[in-house]
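Chain by chain, the residues run as shown.
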Amino acid sequence: MKGANRLSGVFCLAMANAGSAQAPIESHEEFSCTSGPVMRIVSIYKRESGACRVDYTKDGKTRTLWMSKTDYAYCTTKALSLVTHLVEAHYSCKPKTVEQVPTR
């Protein structure tokens, strides 16, 4: 249950940071998850239009796992589900807000 409480705090931090930027081109929330020397990165990108995507970096390779044209909550839910899975697999995950990036 300890992991679940920590994830609740992570979720609150991610959601608070997601709404705090003023008119971003594309905001970017990221969870860095480590287990010993192994690192995984879960990234949530949100455009002003409401479109979003979730990228996953494993072994230095990044893949887009989920996308939505209008539902940021969908992307957040999917990303947090993946972060929860990593925590259950004994990864330590920490959130951070990354500077706004130009849309691609």
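To be clear, the structure that these remarks concern was listed above.
Model, not experiment: these values are computed from the prediction.

Chemist: Break down the sheet that holds strand β2 (residues 38-47) for me, with residues and values.
Modeler: Read from one edge to the other, the open sheet built from five strands follows the order β4-β3-β2-β1-β5, with strand pairing classed as antiparallel. Bordering the open sheet on either side are β4 (61-68) and β5 (92-98), each of which pairs with just one other strand. Ignoring which end each strand starts from, the neighbouring axes of this sheet average 20° apart. As paired strands, strand β3 (residues 52-58) and β4 are joined by seven bridges and run antiparallel to one another. Note that in β4 the partner of Tyr56 across the bridge is Arg63. Helix α2 (residues 72-88) contacts β1 (26-35), β2, β3, β4 and β5 of the sheet and is inclined by roughly 170° relative to β2.

Chemist: Requested: an account of the packing of aromatic side chains, with residues and values cited.
Modeler: Enumeration over the complete set of coordinates arrives at zero aromatic pairs. One residue, Lys46, lies across the ring of Tyr72, its end atom 4.7 Å from the ring centre. The positively charged end of Arg53 is found above the aromatic ring belonging to Tyr45, 3.8 Å away from the centroid.

Chemist: Before we move on, can you summarise the environment of Ser32 with the specific residues and values?
Modeler: The residue Ser32 is located in strand β1 in this model. Counting along the chain gives 25 residues from Ser32 to Thr57, while the straight-line C-alpha distance between them is 9.6 Å. Filtering out sequence-adjacent residues up to four positions away, Ser32 remains in contact with Arg40, Ser92, Cys93 and Lys94.

Definitions and limits used
- Residues numbered from 1 in each chain as written.
- Predicted model: local features only at pLDDT ≥ 70, side-chain atom pairs only at ≥ 80, totals over all residues.
- Heavy atoms only, no water.
- Pairing = 2+ DSSP bridges.
- Helix = DSSP H or I, 4+ residues; strand = E, 2+ residues; numbered from the N terminus.
- Axes fitted to C-alpha atoms, helices over the stretch in contact; angles between N-to-C directions.
- Contact = heavy atoms within 4.5 Å.
- Phe/Tyr/Trp six-rings, centres within 6.5 Å; stacked < 30°, edge-to-face > 60°.
- Lys NZ or Arg CZ within 6 Å of the ring centre and 35° of its normal.

This is a description of form; function is not addressed.
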